[in-house]
Structures are given as structure tokens and as C-alpha cells.
Amino acid sequence: MGMTTRGAAITVIANETGAVAPTPVASANEQPTEAPASAPAQKFTMSVTNEQGFYPNSFTAKKNLSVELEVDVKADISGCMDTMIGSDYDIAYRLKPGKNTVRFTPTKVGKLDLTCPMGIPMGEFTITN
Ligand SMILES: [Cu+2]
């Protein structure tokens with residue numbers, strides 16, 4: 001019985017120069033856009049006590065960045081003073097005893113008044129660019 005040895009046929013293929021596409025060059029760094037949505041909120045705190053009322057009550061915040069106002073209610077607030085209104089940004093927040101967080105994003109420069117529903121001032125924000 002005859003055994004056949006398979007001869008390995010080696011085919012030499014000539015390289016074609018320039019056939020391999022070069023790796024794309026990474027694009028240049030892009031400048032971040034202004035005020036990305038992931039920007040941290042501007043945080044403020046206010047307390048409500050029998051001694052000082054709503055205090056501190058004057059804040060400065062930047063436009064187009066979200067605001068978190070923590071209101072720590074340590075006094076008994078009665079009647080409509082338990083509701084904080086900021087009509088420019090549809091703020092209508094019912095304050096509970098303890099810590100409350102009022103959130104909004106100012107979109108225009110100027111004053112933002114926080115009041116009770118009757119208009120008695122609780123605090124104000126100055127919004128800047
Ligand atoms: Cu009131």
C-alpha cells in the first residue's frame with residue numbers, strides 16, 4: 001500500500017504596498033459646550049427660626065445652572081407661610097418641618113423673589129450671567 005506524502009504547496013503572494021488602511025488619527029479635542037447638563041447644582045441653605053425668620057434670605061446664583069435651595073425649617077410656620085412661591089419659575093413648594101430642597105433653574109438675569117402666596121417676602125435671588 002502506497003503512502004502518499006502530501007507535499008506542502010507554498011504559494012508566495014507578493015505584498016501589495018499601500019493596501020493597509022492607516023489607523024484614523026484621533027480627532028482634535030472638542031471644546032466643552034457651555035453649561036453642560038451634568039454641571040453640579042448651585043447649592044444654598046436657608047433656615048427658618050423663630051429668632052431670625054427666613055435667614056439668610058439673599059442669594060446670588062448664575063443663570064442657566066440649576067439651583068438647590070435647602071430650607072431647614074426649625075420653627076413652627078403657620079398659615080400660608082408654609083408655602084414658598086417663585087412665580088417666575090413655577091416654584092410652589094410646601095415647606096415641611098426639617099429639611100426641604102427647592103429646585104429650579106434660573107433662565108434670566110435679574111431678581112427672583114421668593115414669597116408666600118400672599119406676597120410676603122421670604123428671600124430673593126439675584127441671577128447673574
Ligand atoms: Cu402669606
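If you're wondering where the values come from, they're calculated on a predicted model, not measured in any experiment. (Residues numbered from 1 in each chain as written. Predicted model: local features only at pLDDT ≥ 70, side-chain atom pairs only at ≥ 80, totals over all residues. Heavy atoms only, no water.)

**Quick look at the coordination of the copper ion**
(1) Moving on: For the copper ion, every protein donor is listed as Cys80 (SG) and Cys116 (SG), and the spread of their distances is 2.0 to 2.1 Å. Of this pair, Cys80 sits in the loop between strand E4 (67-73) and strand E5 (83-86) while Cys116 sits in the loop between strand E8 (110-115) and strand E9 (121-128), and the two are 36 residues apart along the sequence. (Donors = N, O, S within 2.8 Å, 3.2 Å for Na, K, Ca; no water. Helix = DSSP H or I, 4+ residues; strand = E, 2+ residues; numbered from the N terminus.)

**Points about the nonpolar core**
(1) Moving on: Counting residues in each nonpolar core, the largest one holds 22 residues, and the members touching the most others are Phe44, Met46, Leu69, Val71, Met84, Phe104 and Phe125.
(2) Moving on: Ranked by residues supplied to this core, first place goes to E4 with 4 residues.
(3) Moving on: Excluding anything up to four places from it in sequence, Phe44 contacts Phe59, Thr60, Ala61, Val67, Glu68, Leu69, Glu70 and Phe125. (Core = buried A, V, L, I, M, F, W, Y, C linked by side-chain atoms within 4.5 Å. Buried < 20%, exposed > 50% of the residue type's maximum accessible area, 1.4 Å probe, protein only. Contact = heavy atoms within 4.5 Å.)

**Side note on the packing of aromatic side chains**
By convention here, two paired aromatic rings are described through the distance between centres and the angle between planes.
(1) Moving on: By the definition in use, this model includes 5 aromatic pairs.
(2) Moving on: A centroid spacing of 5.3 Å and a plane angle of 80° characterise the contact between Phe44 and Phe125, whose relative ring orientation is edge-to-face. Taken together, the positions of Phe44 in strand E1 (residues 42-49) and Phe125 in strand E9 put the pair 81 residues apart, joining distant regions of the chain. We note that Phe44, like Phe125, is buried. (Phe/Tyr/Trp six-rings, centres within 6.5 Å; stacked < 30°, edge-to-face > 60°.)

**A closer look at the pairing of E8**
For a regular strand, the rule is simple: side chains alternate between the two faces of the sheet.
(1) Moving on: Bridge count for E8 against E9 is 6 bridges, and the pairing is antiparallel. Following the sheet pairing, Thr115 is matched in E9 by Pro121.
(2) Moving on: The turn joining E8 and E9, which pair antiparallel and follow one another in sequence, is formed by 5 residues; a positive phi near 100° is taken by Gly119. (Pairing = 2+ DSSP bridges.)

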